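# Results of the structural survey
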Amino acid sequence: MSHFSCEDEALLQSMLRQLLQSVKEKITGAPSVECAEEILLHLEETDENFHNYEFVKYLRQYIRTTLGSVIEEETEKCTSAQNQGEGSGYDTLAQHVTKKTRESKEYREMMHSLKNVMMVVVESLINKFEEDQMRNKEMQRKTKKEQRSAYYTDNCSDSDSSFNQSYTFMNQEQLQLLVERLDPAHPKEVRQEAIQTLCSAPPSDVLNCESWPHLRTYLMMFLSDPDSTFSDKILRFYAKIFSSSPLNMTRDIYTSLAKHLELYFLSGENCIPAVSDGVDITNPEIIRLLKKVRLLNEYQREVPSFWIRHPEKYMEEIVESTLLLFSVKREQRQHVSPKLLDPIYFLALLDVKAVWFKKWMHANYSRTVVLRLLEKKYKSLITASVQQCVYYFESCKSAVDTTSRVKVLPQQYSSSNQKTFYTGEELQYIYFVHSLCLLGRLLIYKQGRNLFPTQLENRKDFISLTDLLVLFIRFIYCAPTCPKKTLTVHTGNYSPSVLVTEVLQILCDRTECTTEFLYTNKVIDVLLHPIRNLLNGTEVYINCPETALIQIADILARIAAVEDGLSLLLYGRNMNSAKKDRAGASSIEERTEESNCSHALLRHNWCMSLTAAHTIFQFTKKLLEENISVLSGTEMLPALKGAFIFVCRQMYGTCEGLQVLIPYGLHESIAEAWKKASVLSERIPTPVPGTDSISSGNQEPQNIMVWEETLLDDLLHFAATPKGLLLLQNTGTLNECVTFMFSKFSKKIQVSGCERFGYGVMVTQMAATSPGAVALQHSGFIKALITELWAVLECGRDELRVTHPSSTPVDPIDRSCQKSFLVLVNLLSYPAIYELIGNQKLLNKPEYSLREVPTNVIDVIDRLIILNSEAKIHSLFNYEQSHIFGLRLLSVLCCDLDTLILLESQYKVSQVLLNAQKENIVETSEGPGNFIIDGLSVERNHVLVRINLLGGPMERILPQRVLNKGTDPYPWPMFSSYPLPRCYLSEATRKTDVRQDGDLNKLLAFLKNPDKQLVWIENCRRQFCKIIKAKPDVISGIILAEIIEKFVLHLSENPSECYFSTGEYEAADVNVKNESLSSVQQLGIKMTVRYGKYLNLLKDDAENDLCLVLKHCDKFLKQQQTSVKSSLRCLQQGYAGYDWFASSVFLIMSGDRLKTLTFLQQFSSLLISAFLWLPRLHVSVHLPTDTAESGIHPVYFCSAHYIEMLLKAELPLVFSAFHMSGFTPSQICQQWLAQCFWNYLDWSEICHYIATCIFFGPDYQIYMCISVFKHLQQDILQHTQTQDLQVFLKEEALHRFRVSDYLEYMESLEPTYRPVLLRDMSNIRMQST
């Protein structure tokens, strides 16, 4: 700055003025000079525009030019020192460079030069300030000679400078004088000058002066002054205060403005237009009024963001003054005089959707005050809003003309011109919109709903919450709509139907609102009113019925997505009323608190009159058939169909909803519609690159494709339930649906707007069936899953940049692989395993490329589980981690005994593991030494014990998978050959027969002397129940065999109890001598005999007898099988799994072959045989053809289906846990039931389960599973949290579960559910025509 010119001085002055102008408000608001200095010192921290000021930029550039070379030199020195190990980080570098720079000669010279220059600039600014001050004093002295004291006015620059306005500092005396000069007694010029001076004063000085009460009065007077000069300046002053002052100051200004408006409307002197006359916003008086209301409304919108920082009384003053203003009602002098506009009309003009009220209700801090004041003092505001909605609805009804259409408002203005006049009709509509939005926000909160019911003027009846909702809903199809070419206030986002739909959507999404007043029959009836009229052929008074019906469908879908709403639609009553109904029921039904409405509902729903769900299903079916003349041929018909199918989807995606839907055959209608859409989409030409095959003017091809995908998505959601999956399979669209699901899954598209979770449940449902597993394989889903697993397990993620080597996994399955592991567990049920690997050999290649990635389940078994060659081991990057993953997967898979037998028969899994254990022995000079204990040997030992021992929780001991601390880290003995060490077997206790028990003798007496009446059956059941509850150990061994043998014999001789016709069969051994058993059956026989010998139930020659039993069963059942044409592997031969029920009966009969065969032959005629004895209905002639060809067993689509339905009703927390985990109760129950709970229950409990189902009926099989889930509830919830629910349920036995302990609970379920369950179980048989 050695060459500092006049131009440089002027430039610096200008920059400094800009800085001072920007921080003027902060400085003038400071209470002292010290505070002002402090503000300037910390300006960089508090002012976000600090670095944008020209003065700051100038200083930065000046420093860079002067000291840049010094800073660079010091930085280089420090950097070189750090490279030699002398430095310690960036902070030290910055501190060192700063210190050296400030000590440099250049820095001292720069500061000296800068100080001299700024002294010159500041001195010039001070001189200019003094000159301007003297000039202002002289001007004031000339114009006002009577003024005794002068104003110290600081004009900081001339007209050319950046300071183009002045500001005034005043003391109390000056403010007092200013207030006096505002007195109306002074001339107009004096008052104008005083107002001008007031507007230039700092707001804090004005609001804190002693004369503020008088000044406030004068300001309110000026607001009412006919001269707009006064009112406009006061409004600017108010706006200035609102924008720059804290709440403790602005509240007084706000309340004074609100009070002024209140007095304005109450005064009879002001000319307020009538509603019918409309409002001309070019009228100067209206303009002034709107400016005041707008300023008020702007503050209303802003104040919620900061009033929580101040005392509640400040907020309460603002709220109360507002509510008081908008509650103003001007008294009518004559009853016939037109109604005048109230303040609320002007507020509605400026804030149509009541944004101010929405913000005030958002936080509990302000909402509590608003609602309290509304309840105590200003309920009339709510009443007026309701009144306006009622008035507008009545005007819409009266506008219906002879054409059955609602008259539209005439076109008032075009989109190109600014609107300057609002008619009375438009004002009423704007106020209606404001009222609707206000009430919609009010209903969200409980305290707001407590303001109802309310009584309207000139009406005796009260408007309840339900009445208000009914009114809202009627707006959807009763409010006027306008032609497309007409632009009125009813179009766009301000359409009544759109606004009402938005309000109802918000209410539907809040559970506390819906259960209280939305889920009522009255509301549902109003929603369905136009639908019922269309079904009945009644004339419908709806404008644009397609749009109205789509909006109604959206509301219904949201209602159906919630449990209470679903119950209301299905059964015509909500949860609360159902609970009240149960309160008066029998004592048995009062036994549990967690039971929800399904108990009471299922008792009544099957014989009910037409409920909402039936109406919706009928209407949707007619829509799909295009059997409604009013709607046929419209452009919006596909969208309307999709909307109502989506409502149905929310219902048929649940077990209880599907039960109501089945009679309508909606799945067939949707499938037929999809086939038609698919044919049309195939005709669409394939897009050619570089051409626009679908013109922008013709969207029909694109709409067809969208419609086709929508229908596929709707069909896909039938797979959410077991029975729905059967229906989907019967439509022949399962493969297409799964392919569509995989495409959405790959693109990570959400399932639907009402779904909280992904496709996990549907994938698990499909994987529990053979056709579902095949469809998943063909779609590419399984390949994608395994490829992703391999990438995580072996390769790591490509997108992760490796900066540090990954840590060694601590858990057996690393967290990165956990998700893939669980999906595989969900996927690989026995039906899926059999379809995917049945009769297929392993690759066992001599060499595997490192780039060779598995793509199917066979590859996973080959590469991760059965590592029987060096080539397989060397092909893995992470051998130990990957193999442990495979062994853990094998452990879970082998919990399904059918899967275990399949893997063992095809791949000799146990021998592979034994060989691996043998290789893990340390060789010494004296021979084989100890086993090497590592993660793999421990895991193999656990799996070997698990797959070679059968038994319940008290019958076998499984070794742990963890190492202990101390000298003996693994106390469990390892082995490399059979037999297993005895320590893994519990001591079996042989129970002696107890025939001296009185109750038992009574039961045996009943069985020896049967009566051909139902009384005999009930007596036997009652006596059996009494014994098993009090002395469960008595029902065992020979006594159990005798009891069920005689009971089944008598039932089979009773024609009313015989469900199946079995035909004649002679169980002669010579007939089956040449029959052969599959390797799966042979292995199952060996396992059964080994288990029976452990239980002391079988002798050494029992294996031959069991072989004959199974051969006879196979031949006997083949007589009742039909031939089917299917590509499913499970339907190519006999039953795919092992016959665990026949084996169980063989053990119960202590290995007596003849008793076993006789019992099974008699048992096969009973309905219970269809559900206990799974091979009984394999491709049976007793099933409908499409069901037999589906490959889905009745245990899945009937028993498991109702297990899920009852679980949702009885144990909702458990059901939700399954849903969250992506696992299904149906899959684990199918596994339990297929193997008769072997390995999950001790033998005594398995016997009690079979006996209970035989005595009490097939529905007790369902109650049994519900009891198990009730027993496991806490464990299920805990393992849902740890994200290993499916592993827990498959691997863990049912510890401490006893059938006798839960028999009373099962009995309590029977009265509620038996009528429905037995009816549906009985319907599995093909009906004769």
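Residues numbered from 1 in each chain as written. Predicted model: local features only at pLDDT ≥ 70, side-chain atom pairs only at ≥ 80, totals over all residues. Heavy atoms only, no water.

## What about the overall build of the protein chain?
Looking only at helices and strands, the protein chain features 64 helices and 8 strands. Per-residue burial for the protein chain yields a buried fraction of 54% across its 1329 residues. With the model as given, the accessible surface of the protein chain reaches about 61500 Å², and the carbon-plus-sulfur share is 51%. (Helix = DSSP H or I, 4+ residues; strand = E, 2+ residues; numbered from the N terminus. Buried < 20%, exposed > 50% of the residue type's maximum accessible area, 1.4 Å probe, protein only. Areas by Shrake-Rupley, 256 points an atom, 1.4 Å probe, with all protein chains shown as cover.)

## Focus: helix 47 (residues 935-948)
Residues three or four positions apart in an α-helix share a direction because the helix packs 3.6 residues into each turn. Between its terminal C-alpha atoms helix 47 stretches 20 Å, which fits the 20 Å expected from 14 residues at 1.5 Å a residue. The element helix 47 is largely enclosed, with a buried count of 13 among its 14 residues. (Expected span 1.5 Å × (residues − 1).)

## Some details on the environment of Tyr1059
Inspection of the secondary structure assignment puts Tyr1059 in the loop between helix 50 (1037-1052) and helix 51 (1079-1094). Judged by relative accessible area, which is 11%, Tyr1059 ranks as buried. Contact partners of Tyr1059, with chain neighbours within four places excluded, come to Ser1165, Leu1166, Leu1167, Met1321, Ser1322, Asn1323, Ile1324 and Arg1325. (Contact = heavy atoms within 4.5 Å.)

## Some thoughts on the confidence of the model for the protein chain
Scored by pLDDT, the protein chain has a mean of 84; 85% of the residues are at 70 or more. In the predicted structure, residues 86-90 sits below a pLDDT of 50 and forms 5 contacts with residues beyond four places in sequence or in another chain. Contacts from residues 401-416, a stretch scored under 50 in pLDDT, to residues over four places away or in other chains number 41 contacts. (pLDDT = per-residue confidence, 0-100.)

## Quick notes on helix 44 (residues 879-893)
Between the first and last C-alpha of helix 44 there are 21 Å, a value that for 15 residues agrees with the 21 Å anticipated at 1.5 Å per step. Of all the 15 residues making up helix 44, 13 are buried; the element is thus mostly covered by neighbouring parts of the structure.

## Quick look at the pattern of salt bridges
As enumerated under the stated definition, the model contains 39 salt bridges in all. Salt-bridge contacts for Glu285 lead to Arg288; the nearest nitrogen and oxygen are separated by 3.8 Å. Of this pair, Glu285 and Arg288 are both found in helix 14 (residues 284-302), 3 residues apart, which corresponds to roughly one turn of the helix. For Arg288, a relative accessible area of 10% corresponds to the buried category. Asp1033 is the salt-bridge partner of Arg1298, the closest N and O atoms lying 3.2 Å from each other. (Salt bridge = Lys/Arg side-chain N within 4 Å of Asp/Glu carboxyl O.)

## Comments concerning the nonpolar core
Grouped burial of nonpolar side chains is what soluble globular proteins tend to show. By size, the foremost hydrophobic cluster in this structure holds 401 residues, and its most contacted members are Leu374, Phe472, Phe1237 and Phe1269. Setting aside anything within four residues of it in sequence, one finds Leu374 in contact with Leu323, Phe357, Lys379, Leu381, Ile382, Leu442 and Leu451. If you look at the next biggest cluster of nonpolar residues, it comprises 19 residues, including Phe50, Phe55, Val56 and Tyr107. (Core = buried A, V, L, I, M, F, W, Y, C linked by side-chain atoms within 4.5 Å.)

## Observations regarding empty space enclosed by the protein
Summed over the entire model, instances satisfying the criterion amount to 7 cavities of 30 Å³ or more. In this structure, the largest cavity spans a volume of roughly 450 Å³. Taken together, 31 residues form the lining of the largest cavity, with Pro831, Tyr1135, Gly1191, His1193 and Gln1230 sitting closest to its centre. Broken down by secondary-structure element, the contributors of at least two residues to the lining of the largest cavity are helix 41 (830-837), helix 56 (1185-1190), helix 57 (1194-1210) and helix 59 (1225-1234). By residue number, the principal contributor to the lining of the largest cavity is helix 59, which donates 4 residues. Its residues assigned to classes, the lining of the largest cavity shows 17 nonpolar, 11 polar and 3 charged. (1 Å grid on protein atoms, 1.4 Å probe; cavity = no way out; pocket = protein on both sides within 12 Å on 5 of 7 lines; lining within 4 Å. Points joined across faces, edges and corners; volume = space filled by probe spheres on them. Nonpolar A, V, L, I, M, F, W, Y, C, P; charged D, E, K, R; others polar.)

## Focus on the packing of aromatic side chains
Under the defined criterion, the tally for this structure stands at 47 aromatic pairs. Ring centres of Phe393 and Phe475 lie 5.8 Å apart, and the angle between their planes is 90 degrees; on these two criteria the pair is classed as edge-to-face. Remark: Phe475 occurs in helix 22 (residues 465-478) and Phe393 occurs in helix 19 (residues 379-398); sequence separation between them is 82 residues. There is no split in this pair, since Phe393 and Phe475 are both buried. Taking the centre distance of 5.0 Å and the plane angle of 75 degrees together, the rings of Phe1237 and Tyr1249 count as edge-to-face. One end of the pair, Phe1237, is in the loop between helix 59 and helix 60 (1243-1256); the other, Tyr1249, is in helix 60, with 12 residues separating them in the sequence. We note that Phe1237, like Tyr1249, is buried. (Phe/Tyr/Trp six-rings, centres within 6.5 Å; stacked < 30°, edge-to-face > 60°.)

## Section: the packing of helix 50 against helix 54 (residues 1153-1163)
Two numbers describe how helix 50 lies on helix 54: the axes approach to 9 Å, and their chain directions differ by 40 degrees. Comparing their axes, helix 54 and helix 50 come out oblique. The two elements helix 50 and helix 54 cross, and the hand of that crossing is left-handed. Judged by residue contacts, Ile1044, Glu1045, Val1048, Leu1049 and Ser1052 of helix 50 engage Lys1155, Phe1159, Gln1162 and Phe1163 from helix 54. When the residues that make up the contact of helix 50 with helix 54 are grouped by side-chain class, the tally is 5 nonpolar, 2 polar and 2 charged. (Axes fitted to C-alpha atoms, helices over the stretch in contact; angles between N-to-C directions. Parallel < 35°, antiparallel > 145°, perpendicular 65-115°, else oblique. Left-handed = near helix turned anticlockwise from the far one by under 90°.)

## A few points about the packing of helix 42 (residues 857-865) against helix 44
Remark: helix 42 packs on helix 44, axes separated minimally by 8 Å, with the N-to-C direction vectors making an angle of 125 degrees. By the angle between their axes, helix 42 is oblique relative to helix 44. On helix 44, the residues touching Val860, Leu864 and Ile865 of helix 42 are Ser882, His883, Phe885, Gly886, Leu889 and Leu890.

## Re the environment of Glu1066
Its place among the elements puts Glu1066 in the loop between helix 50 and helix 51. A sequence separation of 46 residues divides Glu1066 from His1112, and the C-alpha atoms of the two residues are 9.2 Å apart.

## Brief notes about unusual backbone geometry
Note the cis peptide between Phe452 and Pro453, where omega equals 5 degrees. In this structure, Pro453 sits in the loop between helix 21 (446-449) and strand 5 (454-455). Here the phi dihedral of Asn1096 falls at roughly 60 degrees; this positive angle occurs in a residue that is not glycine. Of note, Gln1283 is a non-glycine position whose phi angle comes to about 60 degrees, a positive value. Mapped onto the elements, Gln1283 comes out in the loop between helix 62 (1273-1281) and helix 63 (1285-1291). You can call Gln1283 partly exposed: its relative accessible area is 43%.

## Here's the deal with the side chain of Gln1227
Its location among the elements puts Gln1227 in helix 59. We classify Gln1227 as buried; its relative accessible area is 2%. A distance of 3.2 Å separates the side chain of Gln1227 from the backbone oxygen of Thr764, its partner in a polar contact. Excluding anything up to four places from it in sequence, Gln1227 contacts Thr764, Ala767, Ala768, Val825, Asn826, Ser829 and Lys1290. (Polar contact = N/O pair within 3.5 Å; in protein donor to acceptor, adjacent residues only side chain to side chain.)

## Digging into the environment of Ser497
Structurally, Ser497 can be placed in helix 23 (residues 496-508). Taking the relative accessible area as the measure of exposure, Ser497 reaches 8% and is therefore buried. Between the C-alpha atom of Ser497 and that of Gln551, which follows or precedes it by 54 residues, the distance is 7.8 Å. Apart from the residues within four sequence positions on either side, Ser497 is in contact with Phe475, Ile476 and Gln551. Among the polar contacts made by the side chain of Ser497, one reaches the side chain of Ser495 at a distance of 3.2 Å.

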